[in-house]
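Summary of structural features
If you want the building blocks of each chain, they are given just below.
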Amino acid sequence: MAPHELVYDWVRKIPKGRVLTYGVISLLLSKRFSARAVGWFMHGSPKGVPWHRVVNASGGCSTDRLPDFPQGLQRHLLEREGVVFGTNGKMKLKKYLWIPPVEKR
DNA sequence: CCATTGACGAAGA
DNA sequence: TTCTTCGCCAATG
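Let me sum up the structure you'll find in this document. (Residues numbered from 1 in each chain as written. Chains lettered and ligands numbered in written order. Predicted model: local features only at pLDDT ≥ 70, side-chain atom pairs only at ≥ 80, totals over all residues. Heavy atoms only, no water.)

As for the nonpolar core
Formally: For our purposes a nonpolar core is just a set of buried Ala, Val, Leu, Ile, Met, Phe, Trp, Tyr and Cys residues, chained together by side-chain atoms within 4.5 Å. Each residue is assigned to one of three classes by its accessible area relative to the maximum for its type, calculated with a 1.4 Å probe on protein chains only: buried under 20%, partly exposed between the two thresholds, exposed over 50%. Where helices and strands are cited, they refer to DSSP runs of H or I of at least four residues and of E of at least two residues respectively, numbered from the N terminus. For this analysis, residues touch if any pair of their heavy atoms sits within 4.5 Å.
Counting 16 residues, the largest nonpolar core has Val7, Val11, Ile25, Val38, Met42 and Val54 as its most contacted members. Secondary structure elements with two or more residues in this core: α1 (5-13), α2 (22-28) and α3 (35-43). Here this core gets 4 residues from one element, more than from any other, and that element is α1. Excluding residues that lie within four positions of it along the chain, Val38 makes contacts with Val7, Tyr22, Ile25, Ser26 and Phe33.

Right, dumping it as C-alpha cells:
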C-alpha cells in the first residue's frame, strides 16, 4: 500500500458530524507528511473518502479557495451532518474535532 | 536539478 | 482579529 493511503484511512474513520484538520492528520502519522502535503493528497482523494470532514486549523473550509471547485459545497455537506458554522464561516473545533480512540492509534 | 505552486499552520506585527 | 512571513513537502514543468 502506498504511504499516503494512510491519510485516506484516517479520513475514512472520521464519524459523521465530526472533523479532523490537515495538521492533526499530519500528527497522527507522526509528521511523516506535512499538513501541506496532506492537503495535496486530499486533492486526489479516492471515491468514498469523506473529504469534506477535513478542514483547516481555523475551522474553515479550505476548498473555498480553489477557483475550480464548487464554492460552499464542503460547508453544505457538513451542515447536512449537523455541523453549525458561525457568521465568520468557521465552526468551533472544540466541539467538532474528532479525537481518535487511543486503541486505534 | 531548479523553480513554482498549493484543500497548511504557527508565530509576529 | 486580520495580514504577513516562513517552514513545510509532494507534484509539476
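As for the protein's contact with DNA strand C
Selection rule: Any residue with a heavy atom lying within 4 Å of a molecule or strand is counted as near it. Contacts described as polar in this section are N or O atom pairs within 3.5 Å, which, within protein, must combine one atom able to donate a hydrogen with one able to accept it, while residues neighboring in sequence count only if both atoms come from side chains.
Around DNA strand C, the neighbouring residues are Ser34, Arg36, Trp40 and Phe41. Counting only the atoms of DNA strand C that lie within 4 Å of the protein, the sugar and phosphate share comes to 71%. Contact between DNA strand C and Ser34: a sugar or linking oxygen at 3.1 Å from a side-chain N or O atom of the residue. The side chain of Arg36 places a nitrogen or oxygen atom 2.9 Å from a base oxygen of DNA strand C.

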